[in-house]
Amino acid sequence: MTATPLAIRRSTLWVRLLPIPVLFLAAWAVRTPLASAHPLVAGMLFLWIASDSRLLALIARAPRRRPAPRQIVAGLALAVFAVLIAAPPAVRSALLNLPVLAGAMAIVLAVHLGWGACAAWGRLRTAAEARWVAALSELLPPPLVRLAAAELRLLHLGLFRWGTAPEVPAGCQGFAYHRHLTPMAVTLLALQAIEVAIHHLLLAHWSAFAAYVLFVLSDVGLIYMIALIKSFRLYPVLLTPDGVRVRAGLLIDRLVPYAAITSVETSFDSTLVKDKATLNAGLLAWPNLVLRLDSPLPGRRPRTAIAFRLDDPEPFVRALRWRLESKS
């Protein structure tokens, strides 16, 4: 009996995540009195643990094949960088004062940067979309680059994109759903701002530092909420040449092929909407449309229906039924 891909991913997930707490424990261990008494030994053990944990994560990602040489170099370079950043000054100085070890770490970092710079230049010249993300992923861990890019997109959307037209690509039809969402979301934003101000004033009497931390986190949260509200208007539901792209701002984005749609319904009961097999994309309101599917959509949870709400559903229903008839 062979394991399914999902079972394999679950069995190796803990191996891929285990190096993270191990690295934090090692960073804590080099700050103990025993490590302070023997900084060179502590630093070498820290470097060994960081390198071994990174290579273990590479092996767990593809257990049936060997990591590529460049992946090994990148993993070792990340381990060296983490040790140099996380180690206390005494341990870092002990490592750098050993010429052979310092030279080896410098060589690993130089090889990774040179190899990654060449690959990044190639990405910049060939990648059509998100080329900066692809280029930086050659030098830094790709999950970290993707997370940073997503954060920057959210901040840019929340701070700068005012009055921008909705994103409707060529050959697609857009259908709005933001008119019923925006007033309720703005009300929630105002309540959030009031709550944050009250908590900030109360916390300032207890700890000024904690108040500043809350101030930064709450401001970022408010910007994210503004970005979410603006995304409702910027990302409408689309009829594309390939299918229906059901969107709910930044929260939901699913493409449903026309071949998978059996019917579009405007009258349905609550049992269908509350069914676990139904994806309810009607945020803060009861949906007025349901797409029934002949087969579940791919994903962690099988979906045989999608419910959502449009401001004006009749043009969408007419256009979708016309497309379904033309495809049949």
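**Q** How do you make sense of helix 9 (residues 142-159) when you look at a structure like this?
**A** One turn of the α-helix equals 3.6 residues, which is why residues spaced by three or four share an orientation. In a regular helix each residue adds 1.5 Å, so 18 residues correspond to 26 Å; helix 9 covers 26 Å between its end C-alpha atoms and thus fits that length. When helix 9 is considered as a whole, its buried residues turn out to be V145, A149, L157 and G158. Buried residues along helix 9 sit in contact with helix 8 (131-136) and helix 11 (208-234).

**Q** It is not clear to me how the packing of aromatic side chains should be interpreted in this structure. Could you clarify?
**A** Both the distance between ring centres and the angle between the ring planes are used here to describe each pair of aromatic rings. For the coordinates displayed, the defined rule picks out three aromatic pairs. For the ring pair Y177 and F232, a centre distance of 6.5 Å and an interplane angle of 65° mean the geometry is edge-to-face. Of the two residues, Y177 is situated in the loop between strand 1 (173-175) and helix 10 (181-204) and F232 in helix 11; the sequence distance between them amounts to 55 residues. Considered together, Y177 and F232 belong to a single accessibility category, that of buried residues. Measuring from ring centre to ring centre gives 5.6 Å for F308 and F316, while their planes differ by 90°; the resulting arrangement is edge-to-face. Each member of the pair, F308 as well as F316, carries the same accessibility label: buried. Three or more aromatic residues link up through ring pairs in this structure, and these residues are F175, F308 and F316. It is K230 that lies over the ring of W162; its NZ or CZ is 3.7 Å from the centre.

**Q** Please clarify how the sheet that holds strand 5 (residues 261-265) should be interpreted in this entry.
**A** If you walk across this open sheet you meet the four strands as 5-7-8-6, and the pairing is mixed. The strands lining the two open edges of the sheet, one partner per strand, are strand 5 and strand 6 (278-280). Going from strand to strand, the sheet's axes swing by 20° on average, the running direction of each strand aside. Sheet analysis places strand 7 (residues 289-297) next to strand 8 (residues 303-308), joined by five bridges and oriented antiparallel. Bridge pairing links L291 to I306 in strand 8.

**Q** Hey, could you run me through the packing of helix 5 (residues 69-86) against helix 7 (residues 99-126) in this one?
**A** A pair of packed helices is characterised by two quantities: the angle between their axes and the separation of those axes. Running from amino to carboxyl end, helix 5 crosses helix 7 at an angle of 125°, the nearest separation of the two axes being 9 Å. Here helix 5 lies oblique to helix 7, going by the angle between them. In the crossing of helix 5 with helix 7, the sense of the turn from one axis to the other is left-handed. On helix 7, the residues touching P69, R70, V73, A74, L76, A77, V80 and L84 of helix 5 are M105, V108, L109, V111, H112, W115, G116 and A119.

**Q** Would you take a moment to explain the sheet that holds strand 2 (residues 237-239) for this structure?
**A** An order of 1-2-3-4 is seen for the four strands of this open sheet, with the pairing classed as antiparallel. Among the strands making up the open sheet, the edge pair consists of strand 1 and strand 4 (252-257). Neighbour-to-neighbour, the strand axes of the sheet open up by a mean angle of 15°, direction not taken into account. Of the strand pairs in this sheet, strand 3 (residues 243-248) and strand 4 are connected by six bridges, and their pairing is antiparallel. Note on strand 4: the bridge partner recorded for R247 is D253.

**Q** Please explain a nonpolar patch on the surface as it appears in this structure.
**A** Taken together, the side chains of M184, L188, L191, I194, I198, L202 and L284 make up a nonpolar region of the molecular surface, amounting to roughly 670 Å² of accessible area. Among the secondary structure elements, L191 is positioned in helix 10.

Reading guide: rules and limits
Within any chain, residue numbers begin from 1 and follow the written order of that chain's sequence. Local features in this predicted model are restricted to residues whose pLDDT is 70 or higher, and side-chain atom pairs enter the listing and the counts only when it is 80 or higher, whereas totals over whole chains, interfaces and linings include all residues. Heavy atoms from the whole structure form the basis of all side-chain values; hydrogens and water molecules are not counted. Secondary structure follows DSSP: runs of H or I at least 4 residues long count as helices, runs of E at least 2 residues long count as strands, and numbering of each begins at the N terminus. One less than the number of residues in a helix, times 1.5 Å, gives the span that helix is expected to have. Throughout, exposure labels follow a simple rule: accessible area from a 1.4 Å probe, protein chains only, divided by the maximum for the residue type, with under 20% read as buried, over 50% as exposed, and the rest as partly exposed. We call two residues contacting when some pair of their heavy atoms lies within 4.5 Å. Stacked, tilted and edge-to-face are the three classes applied to pairs of Phe, Tyr and Trp rings, where Trp contributes its six-membered ring and a pair requires centres within 6.5 Å; stacked means planes under 30 degrees apart, edge-to-face means over 60, and tilted covers the rest. In this scheme, the term charge over a ring applies when either NZ of a lysine or CZ of an arginine sits within 6 Å of the ring centre and within 35 degrees of the ring normal. A pair of strands is labelled paired if DSSP reports no fewer than 2 bridges between them. Lines are fitted to the C-alpha atoms to define the axes, a helix being fitted only along its stretch in contact, and any angle between axes, read from their N-to-C directions, falls within 0 to 180 degrees. The scheme is simple: roughly parallel for angles under 35 degrees, roughly antiparallel for over 145, roughly perpendicular for 65 to 115, oblique for anything else. For any helix crossing, the convention is left-handed if the near helix is rotated counterclockwise from the far helix by under a right angle, and right-handed if that rotation is clockwise. The residues that make up patches have over 30% relative accessible area and no salt bridge, and they are joined within 9 Å when like-charged or within 5 Å when they are Val, Leu, Ile, Met, Phe, Trp or Tyr. The Shrake-Rupley method, run with a 1.4 Å probe, gives the accessible areas here. Residue values count only the displayed protein chains as cover. Any Lys or Arg side-chain nitrogen located within 4 Å of an Asp or Glu carboxyl oxygen qualifies as a salt bridge.

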